[in-house]
Amino acid sequence: MTDVAAVDAAAGTATLAEVCAVACARAWRGDGEILASPITLIPSIGARLARATTDPDLLLTDGEASLAAGVWAVDAAPARLEGWLPYRAVFDICWAGRRHVMMGPVQLDRFGNANLSAIGDFDRPQRALLGMRGAPGNTVNHATSYWVRRHSPRVFVERVDVVCGVGYDRAATAGPTAAEFLDLRRVVSDLAVLDFAGPDGAMRLVSTHPGVGVEQVVAATGFDLALADQVPTTPQPTPAELRLIREVIDPRGLREREVRGR
Amino acid sequence: MADKLMTEADVVARLESGMTIGIGGWGSRRKPMSLVRALLRSEVRDLTLVSYGGPDAGLLLAAGRVRHLVYGFVSLDSIPLEPHFRAARERGGVRFTEYDEGMLQWGLRAAANRLPFLPTRAGLGSDVRRSNPDLRTVRSPYGEEELLAMPALRLDAALVHMNRADRAGNAQYLGADPYFDDLFCQAAERAYVSAERIVPTAELLAGGPPQSVLIQRWHTHGVVHAPRGAHFTSCEPDYGRDEEFQRAYADAAGDPAAWAAFARRHLAGDERHYQQSVGARLTAGTGA
């Protein structure tokens, strides 16, 4: 009883950014001794939190060419290293399947196809983006999750313009070798947590963040979401998680500039 | 041993319009920028450029030298999207072949090993095939797998920048990541290496462990002494990325008049002029 009360007391003070970071951390729950590759700030807080709490065996990079030990702040260099991981070795660990990446797509559709390449037609885009990066290889080789900073129908679209990260429908069409290791785990946005447990691997609403209604998520999504009968509220950070985020992982509060309540 | 020391102009004199050129480094990291600037001063055009792209791709696209860009991404790292690349993509007129990052190194590996292709899962199911309709899959002769056959990316020439080199073409990286510079060199008919310092071979080995001598002389056809040759990209540990200059580059790239002024100021002369223009800017920045 005392523990529950303590959690509730702390929960009232958690910000949306902190709820999101903890929801990201849970994406790596139970992954064991694999490389956690968070792209951008909130997933980075989440991955470090996961290793500092529930998943101590995770491997993390310093964002350059080293594997970092321990837990360190998102805007600082790690104090200790434990290995070398240049880009060439990242491809090896990726193709070996010993990795779980969390990427930030510009568009994401019902079956988890993700676009980082271009808005509009590939040959004559209205807006050119980065390029495929590692998304095609990541998705067909190992676990993939997504972080969406601002949940809207512009991101959650019926069909992405360019398929970089492969979704369940496209993999099924491409054949068993494309689908063999496809493993889309979780989508965390500033409104909700989603997964791909809907029919045929369709996106499903798992939980809404505190203060967010199911209708709000449905309205901000450009396709029909699979819904459970009961959609719970995204779990609040524990006091220990909050302390780690605030004192160790993001002591200068960069997360609050990344995610704002609506 | 052969003395392969030459100038940037000597390297560019060995390049021809229509060639396929690979450029080492990664994004805005350890790019052979003095060689790229020398290319900009030449008449070489209609290039097929293979790169983990940064400002190398941006500058050559902006100058209209690229007919076909083969890439996994084009980025300035701290500025996610290369502005000249973005403009070129939206303008059209250049062929763009976009690969998964891992596919690109696999194509270089195939070329380095004189293979027509290498199989991979990467790319299956994605729109990689939309920008490259010639891509084919291959059935495993040992099982049921249908894999993507990544074609060899054969290069006529490779350009890379390293921290140290000797005159024979052994070259050393002293930073944390070799990127794919050795692979670019091995995938190329001819490889040209620029370096911050040219030193005797013994000094290379004294300056780091043997495995830091990434490029071996059998890879290399020319060695160029290019102090601050990677500027404004990083060349750790000799120098980091010049973030302030990169911001000025990116800001200017967004506007034709501003870009013309930037090019006049920094790119109109030779490499010495470039380095002086950058040095003057740095001094002015400190004094302001």
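Residues numbered from 1 in each chain as written. Chains lettered and ligands numbered in written order. Predicted model: local features only at pLDDT ≥ 70, side-chain atom pairs only at ≥ 80, totals over all residues.

**Student:** Looking at this structure, I do not really get helix α8 (residues 243-253) of chain B. What am I missing?
**Tutor:** Because each turn of an α-helix spans 3.6 residues, side chains separated by three or four positions in sequence point in the same direction. Residues and elements named next belong to chain B. Turning to α8, its buried residues number three or more, namely Gln246, Tyr249 and Ala253. For α8, the buried positions fall inside an angular range of 60° around the axis, keeping them on one side. Buried residues belonging to α8 abut α3 (55-62), α4 (83-91) and α9 (256-266). (Buried ≥ 20, exposed ≤ 12 C-beta atoms within 10 Å, placed from the backbone. Helix = DSSP H or I, 4+ residues; strand = E, 2+ residues; numbered from the N terminus. Arc of directions from axis to C-beta. Contact = placed C-beta atoms within 7 Å.)

**Student:** Sorry if this is basic, but what is going on with the sheet that holds strand β4 (residues 80-84) of chain A here?
**Tutor:** Hydrogen bonds along the backbone pair up the strands of a sheet, which may run parallel or antiparallel. Residues and elements named next belong to chain A. Pairing in this open sheet of 3 strands is antiparallel, and the strands run β2-β3-β4 from one edge to the other. The open sheet terminates on both sides in strands that have one partner only, identified here as β2 (60-61) and β4. Strand direction decides the pairing type here: strand β3 (residues 66-69) and β4, joined by 4 bridges, are antiparallel. Opposite Ala68, over in β4, you have Leu81 as the bridge partner. (Pairing = 2+ DSSP bridges.)

**Student:** Got a minute to help me understand the sheet that holds strand β8 (residues 146-151) of chain B in this structure?
**Tutor:** Residues and elements named next belong to chain B. The strand order across the open sheet formed by 3 strands is β6-β8-β7, and the pairing between neighbours is antiparallel. Of all the strands in the sheet, just β6 (117-120) and β7 (136-139) have a single pairing partner and so form its edges. Averaged over all adjacent pairs, the angle separating strand axes in this sheet is 45°, with direction ignored. Here β7 pairs with β8 via 4 bridges, running antiparallel. In the strand pairing of β8, Val138 is matched with Leu147. Where helix α5 (residues 101-112) meets the sheet, its contacts fall on β6 and β8, and the angle it forms with β6 comes to roughly 145°. (Axes fitted to C-alpha atoms, helices over the stretch in contact; angles between N-to-C directions.)

**Student:** Explanation requested: the pairing of β6 of chain B in the structure shown.
**Tutor:** Side-chain direction in a regular strand flips from residue to residue, so the side chains alternate between the two faces of the sheet. Residues and elements named next belong to chain B. What you see with β6 is a clean split: Leu118 and Thr120 sit on the buried side and Phe117 and Pro119 on the side with no burial. Bridge count for β6 against β8 is 4 bridges, and the pairing is antiparallel. Bridge pairing links Phe117 to Pro151 in β8.

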